[in-house]
Amino acid sequence: MDSFSKGQKRIAAYILENYDKAAFMTASRLGLLAEVSESTVVRFASELGYDGYPSMQRALQDMIRSRLTSTQRIRAAGDMFQDVLPAVIQSDIDKLRQMLSRSNRNEFEQVVDKIMACRHVYILGVRSSSFVAGYLHFYMHLLSENVTLIQSNAAGEMFEQMLRMGPGDVLIAISFPRYSKVTINTVKFARDRGAEIIAITDNELSPVYQLSQAALLAPCEMISFVDSMVAPLSLINALLVALSNRYGADVSATFAELENIWNEYGVFGKMDDE
């Protein structure tokens, strides 16, 4: 702080006192509230060693994301999203682009290899991640019978569902801020049983990333009290398509049989002929 100019000290003081809001502000908005120019904010980011304001902003978001309470999220959203519909859609588009630019093809193929080679796949996700886990399980169950979705009704029951887990098995752990202690403890249990851990999470600081043998990263945007899962779901879509390509003819045979069942029992409605 002592090395900063008077304007930079005002920026630093504002961030320290309002970190939950500052992390999601534009440079111009931060400058306005800290009573400095936008260019001073940009120079401040460079002074800290970042290659620009967006880099500093992302670093600050990564550090505080798991600490924000729901109330702080709602307050921050007031500054982030003045015109809600285009702002939220644009935010999701930005996260998809960010994921694409940072994607690691080798890591992705390694995850596919581990799933294809394992004895049994377990899928874990709690709280808002439970819906992402359920989506992954719905389609993976159509690809293979050796897939189990760990139901998160109670911690003890989760361990009972993993009783037969052991070496040769894989646990896909889906976890995004705020990281659930239930997920972390369950991943530790699976690792103690000898299973390999594949993390689907937001960054390298994530607790499940630290416990995993392989990981797929997708940014999870904070939108008020809501966690946007657009990027994680897109990543899971890619994983499902890659797995179906590996299964090849077996997938075609499975869905041919399913189509016959769906038609015979009228599973899907049809538009009336005109």
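Structure shown above.
Predicted, not measured: the structure shown is a model, and the values here were computed from it. (Residues numbered from 1 in each chain as written. Predicted model: local features only at pLDDT ≥ 70, side-chain atom pairs only at ≥ 80, totals over all residues. Heavy atoms only, no water.)

1. Points about the overall build of the chain
- Scanning the chain from N- to C-terminus turns up 14 helices and seven strands.
- The 274 residues of the chain split such that 45% are buried.
- Within the chain, contacts between residues at least 6 apart in sequence are counted, and of these 70% link residues at least 24 apart.
- Split by element, the accessible area of the chain, about 15100 Å² in all, is 52% carbon and sulfur. (Helix = DSSP H or I, 4+ residues; strand = E, 2+ residues; numbered from the N terminus. Buried < 20%, exposed > 50% of the residue type's maximum accessible area, 1.4 Å probe, protein only. Contact = heavy atoms within 4.5 Å. Areas by Shrake-Rupley, 256 points an atom, 1.4 Å probe, with all protein chains shown as cover.)

2. Observations concerning the nonpolar core
- Formed by 34 residues in total, the largest nonpolar core has its most connected members in Ile115, Ile123, Leu136, Met140, Ile172, Ile174 and Leu239.
- Elements that contribute at least two residues to this core include exactly α8 (105-117), β1 (120-125), α9 (129-143), β2 (147-149), β3 (169-174), β4 (196-201), β5 (214-217) and α13 (230-247).
- Per element, the largest residue contribution to this core is seven residues, and it comes from α13.
- In contact with methionine 140, other than residues within four places in its own chain, are Ile115, Val121, Ile123, Val147, Ile172, Leu240 and Leu243.
- Counting residues in each nonpolar core, the second largest holds 20 residues, with Tyr14, Phe24, Ala27 and Ala45 among its members. (Core = buried A, V, L, I, M, F, W, Y, C linked by side-chain atoms within 4.5 Å.)

3. Things to note about the packing of helix α1 (residues 6-17) against helix α4 (residues 38-47)
- Where α1 meets α4, the closest approach of the two axes is 10 Å, and the angle between their N-to-C directions is 80°. Taken together, the axes of α1 and α4 are roughly perpendicular relative to one another. Along the contact surface, α1 presents Gly7, Gln8, Ile11, Ala12 and Ile15, while α4 presents Thr40, Val41, Arg43, Phe44 and Glu47.
- Residues of the contact of α1 with α4, tallied by class, amount to five nonpolar, three polar and two charged. (Axes fitted to C-alpha atoms, helices over the stretch in contact; angles between N-to-C directions. Parallel < 35°, antiparallel > 145°, perpendicular 65-115°, else oblique. Nonpolar A, V, L, I, M, F, W, Y, C, P; charged D, E, K, R; others polar.)

4. Regarding the side chain of serine 144
- Tracing the backbone through its elements, the reader meets serine 144 in the loop between α9 and β2.
- A distance of 3.1 Å separates a polar atom in the side chain of serine 144 from the backbone nitrogen of asparagine 146. (Polar contact = N/O pair within 3.5 Å; in protein donor to acceptor, adjacent residues only side chain to side chain.)

5. Comments concerning the side chain of asparagine 203
- Along the chain, asparagine 203 falls in the loop between β4 and α12 (207-210).
- At 3.1 Å, the side chain of asparagine 203 and the side chain of aspartate 202 are in polar contact.
- In contact with asparagine 203, other than residues within four places in its own chain, are Asp62, Tyr179, Tyr209 and Leu217.

6. Concerning α9
- End to end, α9 covers 21 Å across 15 residues, agreeing with the expected 21 Å (1.5 Å per residue, within 8%).
- Burial in α9 covers these residues: Ser129, Val132, Ala133, Leu136, His137, Met140 and Leu143. Down the axis, α9 shows its buried residues gathered within 135° of arc, on one side only. Summarising the geometry of α9, the exposed residues directed more than 90 degrees from the buried face are Phe131 and Phe138. (Expected span 1.5 Å × (residues − 1). Arc of directions from axis to C-beta.)

7. Some details on the sheet that holds β5
- One open sheet accounts for five strands, arranged β2-β1-β3-β4-β5; its pairing is parallel. Each edge of the open sheet carries a strand with a single partner, namely β2 and β5. Averaged over all adjacent pairs, the angle separating strand axes in this sheet is 15°, with direction ignored.
- Strand direction decides the pairing type here: β4 and β5, joined by four bridges, are parallel. Across the sheet, residue threonine 201 finds its bridge partner in β5, namely leucine 217.
- Of the strands in this sheet, β3, β4 and β5 touch α13, which is tilted by about 130° from β5. (Pairing = 2+ DSSP bridges.)

8. Some details on the pairing of β4
- Most of β4 sits out of view: five of its six residues are buried.
- In this sheet, β4 lies alongside β3 in parallel orientation, the contact comprising five bridges. In the strand pairing of β4, leucine 171 is matched with isoleucine 197.
- The parallel pair β3 and β4, bridged by helix α11 (residues 181-192), forms a crossover whose chirality is right-handed. (Right-handed = clockwise from strand over helix to strand, strands pointing away.)

9. Remarks on α13
- With 18 residues, α13 extends 26 Å between its outermost C-alpha atoms, agreeing within 8% with the 26 Å of an ideal straight helix rising 1.5 Å per residue.
- Turning to α13, its buried residues are Ala231, Pro232, Leu235, Ile236, Leu239, Leu240, Ala242 and Leu243.
- Glycine 248 sits one or two residues past α13 and shows a positive phi near 60°.

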